[in-house]
Amino acid sequence: MTDFNEIAFLELTASKCRENVIRMIKASEHGHIGGALSCLDIVTAVYFHAMNIDPADPKKEDRDRFILSAGHKCLAQYAVLAEKGYFPKSILDTYGSLHSKMPGHPDMHKLPGVEANTGALGHGLSIACGMALGLRNEHSDAKIYVVMGDGELPEGSNWEAASVASHYHLDNIVLFVDNNGLQISGKVEEVMNMTPIDERFKAFGWAVKNIDGNDMREIVDTLDSIPLEKGKPTAIIAHTVKCKGLAEGEGNAAFHYWSPSREEAEAAEEEIKKRTLALEQKSGEKI
Amino acid sequence: MIGEYLDPRKEFGKAVTELAKANEKIVVLSADSGKSSGFGDFVKQYPDRYFECGIMEQGVIGVASGLATTGKIPVFCAIAPFVTARPFEMFRNDLGYMKQNVKVVGRNCGISYSDLGATHHSLEDFAIIRMIPGVVVLAPQDPTEIRTAVRAMIEHEGPVYMRIGNPKIPVLFDEQPFVIGKGRIIREGTDVTIISTGSTTKAAMEAADSLLKQGVSVRLIGMPTVCPIDEELVIESALKTKRIITVEEHYTDGGLGTLVSELCSTKCPVRVKRLGIPKTYASSGPYDELLAYYSLDAKGIEKSTLEFLK
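Keep in mind that this is a model prediction, so the values were computed, not measured.

**Here's the deal with the sheet that holds strand β5 (residues 103-107) of chain B**
Residue and element names in this part refer to chain B. Read across the open sheet, the seven strands follow the order β3-β2-β4-β5-β7-β6-β12; overall the sheet is mixed. Of all the strands in the sheet, the pair left with one neighbour each is β3 (50-52) and β12 (225-227). In this sheet, adjacent strand axes meet at a mean angle of 20 degrees when their direction is disregarded. In this structure, strand β4 (residues 73-79) lies alongside β5, joined through five bridges in parallel fashion. What sits directly across from I79, in β5, is R107.

**Some points on the nonpolar core**
Counting residues in each nonpolar core, the largest one holds 137 residues, and the members touching the most others are I33(A), Y47(A), F176(A), F201(A) and W206(A). Looking at which element gives the most residues to this core, the answer is helix α2 (residues 33-50) of chain A, with eleven residues. Filtering out sequence-adjacent residues up to four positions away, Y47(A) remains in contact with I53(A), F66(A), Q77(A), V80(A), L81(A), K84(A), Y86(A) and G113(A). F173(B), A208(B), L220(B) and A298(B) belong to the second largest nonpolar core, which has 30 residues in total.

**A few points about the interface of chain B and chain A**
With 24 residues of chain B in contact, the opposing surface of chain A contributes 24 residues. Taking both sides of the interface into account, the surface hidden between chain B and chain A amounts to around 2000 Å²; carbon and sulfur atoms contribute 60%. Taken as a group, M56(B), Y97(B) and M98(B) account for 25% of the area that chain B buries against chain A, more than any other trio of residues on that side. At the junction of chain B and chain A, the tally comes to one salt bridge. One salt bridge in this structure joins K72(B) and E138(A), with 2.4 Å as the shortest N-O distance. Summed over the shared surface of chain B and chain A, the number is eleven residue pairs in polar contact (both at pLDDT 80 or more). Elements that contribute at least two residues to the side of chain B that touches chain A include exactly β3, α3 (57-69) and α5 (88-97) of chain B. If one sorts the elements of the side of chain B that touches chain A by residue count, α3(B) sits on top with eight residues. For the side of chain B that touches chain A, the per-class residue count stands at nine nonpolar, nine polar and six charged.

Conventions used here
- Residues numbered from 1 in each chain as written.
- Chains lettered and ligands numbered in written order.
- Predicted model: local features only at pLDDT ≥ 70, side-chain atom pairs only at ≥ 80, totals over all residues.
- Heavy atoms only, no water.
- Pairing = 2+ DSSP bridges.
- Helix = DSSP H or I, 4+ residues; strand = E, 2+ residues; numbered from the N terminus.
- Axes fitted to C-alpha atoms, helices over the stretch in contact; angles between N-to-C directions.
- Core = buried A, V, L, I, M, F, W, Y, C linked by side-chain atoms within 4.5 Å.
- Buried < 20%, exposed > 50% of the residue type's maximum accessible area, 1.4 Å probe, protein only.
- Contact = heavy atoms within 4.5 Å.
- Buried area = accessible area lost by both parts, 1.4 Å probe.
- Salt bridge = Lys/Arg side-chain N within 4 Å of Asp/Glu carboxyl O.
- Polar contact = N/O pair within 3.5 Å; in protein donor to acceptor, adjacent residues only side chain to side chain.
- Nonpolar A, V, L, I, M, F, W, Y, C, P; charged D, E, K, R; others polar.

Everything listed here is a matter of geometry and, on its own, says nothing about what the molecule does.
Following this line, the structure appears as structure tokens:
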């Protein structure tokens, strides 16, 4: 089990990343905040705890890969990449501006650390399967981490890829389903009921675990036990809260995409900074 | 040997398999389509580099993209509409937008799966794939060009779409290096230029020869690269003959004819007549009869040319 200090550090880092998210939204006055904040604890843990990566050498051959299948949650990835040191944080202020290196969905040719051009839903897992096959063929131990939204589960291509992953025993794939339960039109179960998500993946031959996707210790302990079963791809159904960390938006489908006023953005900034400060103090006491 | 009839799928598969011996990066993907794409020997020789995915063309394009990110050169061949129209968005995003070094080959192209009907015809593949920035579109015209085009396709860094047919086709040309983006002058002439691509070039050659006997001098251009088109050769032909006829086993809209028309209207306005299939769901039946029905046999091309020159 990971020690308390690391969990505290990761929680603090996630809070700083949430600040980064708000910084981008403040700069552009809009963004897909809900999904970005629901998966942010996962993305933070994957980059800061699990992945074999070097921000100074983003293309190093034996690196682990991260694919954000739900590309609209890119604020989370941008925030974490910046916090990890892939690029200066000043670039965050260009989000939404002309020719930004950070479009509304990630572009691997514009920003270091991005491995795939996602945004059209249902693409990430197929690409991950190809990466997993190619890396295994090269005798690499690298893993491919994927974050998929629960709203994109009905895309048929996901299930094509789910079949490939189990058929080829791709236990180097770690899929997080960001199960925040809400999509743009409302509750995922009402828009298109894909439950039971865990049983569906099990039926496709995956090793599956349900976790609280906003609980850092649970995320980290799960990451430490990958693959859940040798020879099977791992699907982690991460039960999360949409817009986690911003009180007004938590569990609110209206915060799928947010266009705040200056005052609203500043209030959000203040709220999250307070959280960061509290976590800093908590870390200071315990470390 | 000139005139020898060979199976385009077998020639294609053989060419890839031969290159795979020296180039270990080449891997083959199948959507239950590998063996019928000429990869029987590849499967036997390189089982670790052959990935059967079953019938899931959208998934396969994504898998190919991911493989390419690891340095592999994936080759994926299946029935043309199922690797173009069906997974179009995957082609656009995962291969085009991501600039991945993947080679997609649509076989049984055009109406060559003639009797199977419109679901299995591919008459818009040039039109849709050429709209994806950075994708090369090839349509080799005979078995020799299939072999050389495969080599060029593998050597080219970036996504390529190539279409090949189904029935045996005759060798038309002696081997020469395939240069992507370059057409070839098959016959010199002064009255009209016929520009053909892929499967229709044999009929265009016969039509040109017959027209010459009737006193019509045809400049015949073979255009095995549809995109990027050989602008220099098209403009040179437009200046020389003032009139151009395009021939393709594709809709008259959106393909070679449209490309030539776009180019001429911009850089060298001349009259262009586009021969192909009208934008409809094509009928079914024996391949040769269907081609004749749509005036894509030698007689049809000849008749259309004479009408155009009236």
